[in-house]
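As a plain string of letters, each chain reads:
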Amino acid sequence: MRTLVSYVSRTGNTRRVAEAIFDGITGDKDMKELGQVESLDGYDLTFVGFPIEERFSPAEPAATFLRRPEVAGRPIALFITHGASDDLPELQGWLDNCAAAASQLELVGVFHCQGELSEQMAQKMLLSEDERVVAWAKTRESGIGQPDAASLQRARRWALETLAGRRP
Ligand SMILES: Cc1cc2nc3c(=O)[nH]c(=O)nc-3n(C[C@H](O)[C@H](O)[C@H](O)COP(=O)(O)O)c2cc1C
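Undergrad: Summarise the side chain of T162; cite the residues concerned and give the values.
TA: Mapping T162 onto the fold places it in helix α6 (residues 149-166). Within the local environment of T162, its side chain forms a polar contact with the backbone oxygen of W158, the two atoms lying 2.7 Å apart.

Take a look at the structure:
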């Protein structure tokens, strides 16, 4: 059983979750930034992590990667970070967008947690004409310090369970 943990991260939140997952899982494993992943050949399971970004969808290059013809049908588990608090009503729709972006893959699990929104980004988003962007930018305070130790622990546990579910 060989596992790849790959991720996209601009401000480090998703990378921290990737590292927690990588440290937590057992067996033969590699970790790479998604931009460095050329092929999934040889991997029985791939964890793909990314932040939610523009258009409430996976950040690039994840959105493009998930739609590459050569990854179709491969078993993938997604881990997602987002600036919104878990109780923001729009969040489920954004997570659905992420799952839809992975619809050609064999989706074996989804984990998500809040990741601190950079102050610079929040200032920019508060000026947006899209009221949904403004609404979640206002929840920034609840995300300061995220992902915290509890979120990282949850990610580790989820990854181990996901892996256990794939073992023959
Ligand atoms: C350009 C941009 C767009 C974003 N759009 C969203 C969004 O639509 N919904 C959301 O919850 N968070 C959004 N965020 C916040 C990030 O998803 C969140 O801070 C994430 O944890 C960042 O992960 P990273 O540190 O790995 O880059 C956005 C951040 C950026 C920079």
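Undergrad: Describe the side chain of H82, with residues and values.
TA: Here H82 is to be found in strand β5 (residues 75-82). Judged by relative accessible area, which is 2%, H82 ranks as buried. Residues within four places of H82 in sequence aside, it is in contact with I52, L91, H112, C113, Q114 and G115.

Undergrad: I'd like a description of helix α3 (residues 91-101), backed by residues and values.
TA: Inspection of α3 places L91, W94, L95, C98 and A101 among the buried residues, and these make up the whole buried set. The arc that holds the buried residues of α3, viewed along the axis, is 115 degrees, so those residues lie on one side. On its buried side, α3 packs onto β3 (45-53), β4 (57-58), α2 (62-66), β5, β6 (106-114) and α5 (131-137).

Undergrad: How would you explain the site of the ligand if you had to name every residue and give the values?
TA: Inspection of the region around the ligand gives 22 residues, with S9, R10, T11, T14 and I52 positioned closest. The backbone of N13 places a nitrogen or oxygen atom 2.8 Å from an oxygen atom of the ligand. Taking E116, its main chain carries an N or O atom lying 3.2 Å from an oxygen atom of the ligand. Here the ligand, which alone exposes 640 Å², has 93% of that area covered by the protein. Judged by the fraction of its atoms near the pocket grid, the ligand is located in the largest pocket. Taken together, the elements giving at least two residues each to the shell around the ligand come down to α1 (13-24), β3, β5 and α4 (119-126). Of the residues assigned to the shell around the ligand, the class counts are 9 nonpolar, 9 polar and 4 charged.

Undergrad: I'd like to hear about the nonpolar core, residue by residue, with values.
TA: One finds V48, F50, F65, L66, L78, W94 and W136 to be the most contacted residues of the largest nonpolar core, which totals 33 residues. Secondary-structure elements contributing two or more residues to this core are β3, α2, β5, α3, α4 and α5. Ranked by the residues each element gives to this core, the list is headed by α3, at 5 residues. Judged by nonpolar contacts, the second largest core, of 18 residues, contains V5, A77, C113 and A159.

Undergrad: How would you sum up the environment of G115? Please name residues and give values.
TA: Structurally, G115 can be placed in the loop between β6 and α4. Apart from residues lying up to four places away in sequence, G115 is in contact with N13, T81, H82, G83, G143, Q146 and P147.

Undergrad: Quick one: what's the story with the packing of aromatic side chains, residue by residue and with numbers?
TA: One pass over the full model with this rule turns up 3 aromatic pairs. Ring centres 5.4 Å apart and planes at 75 degrees place the aromatic pair F47 and W158 in the edge-to-face group. You can see F47 sitting in strand β3 and its partner W158 sitting in helix α6, a full 111 residues away along the chain. Considering the side-chain rings of F111 and W158, the 5.6 Å spacing of their centres and the 35 degrees angle between planes classify their relative orientation as tilted. Of the two residues, F111 sits in strand β6 while W158 sits in helix α6, which places them 47 residues apart along the sequence. With relative accessibility at 13%, the residue W158 sits in the buried group. Through successive ring pairs, a cluster of aromatic residues spans F47, F111 and W158. Directly above the aromatic system of F22 lies the positively charged group of K29, at a separation of 4.8 Å from the ring centroid.

Reading guide: rules and limits
- Every chain begins its residue count from 1, and numbering advances along the sequence as written.
- In view of the model being predicted, local features appear only for residues whose pLDDT reaches at least 70, and side-chain atom pairs are presented and counted only at 80 or more, with totals across whole chains, interfaces and linings using the full set of residues.
- Calculation of side-chain values draws on the structure's entire complement of heavy atoms; hydrogens and water are dropped beforehand.
- In this description a helix means any DSSP run of H or I spanning at least four residues, a strand means any run of E spanning at least two, and both kinds are numbered starting from the N terminus.
- What qualifies as a polar contact is a pair of N or O atoms within 3.5 Å, subject to a donor-acceptor requirement within protein and to the restriction that residues adjacent in sequence count only when both atoms come from side chains.
- Burial status follows relative accessibility: with a 1.4 Å probe on protein chains alone, a residue under 20% of its type maximum counts as buried, one over 50% as exposed, and anything between as partly exposed.
- Contact criterion: two residues are considered in contact whenever any of their non-hydrogen atoms come within 4.5 Å of each other.
- By arc we mean the arc of the directions from the helix axis to the C-beta atoms, nothing more.
- In these notes, residues near a molecule or strand are those with any non-hydrogen atom within 4 Å of it.
- Using a 1.4 Å probe, the Shrake-Rupley method yields the accessible areas, and only the shown protein chains count as cover for residues.
- Site definitions follow a grid-based scheme: protein atoms alone, a 1 Å grid, a 1.4 Å probe that fits but cannot get out for cavities, and for pockets an open set with protein on both sides within 12 Å along at least five of seven lines, plus lining residues having an atom within 4 Å of a point.
- Whether a molecule lies in a cavity or pocket depends on its atoms, and more than half of them have to be within 2 Å of the grid points.
- Following the grouping adopted for this structure description, the nonpolar residues are Ala, Val, Leu, Ile, Met, Phe, Trp, Tyr, Cys and Pro, the charged ones are Asp, Glu, Lys and Arg, and the polar ones are all others, Gly among them.
- Here, nonpolar core means buried Ala, Val, Leu, Ile, Met, Phe, Trp, Tyr and Cys residues that are tied together by side-chain atoms lying within 4.5 Å of each other.
- Pairing of aromatic side chains requires ring centres within 6.5 Å, counting the rings of Phe and Tyr and the six-membered ring of Trp. Pairs whose planes differ by under 30 degrees are stacked, by over 60 edge-to-face, and all others tilted.
- Criterion for a charge above a ring: Lys NZ or Arg CZ within 6 Å of the ring centre, and within 35 degrees of the ring normal.

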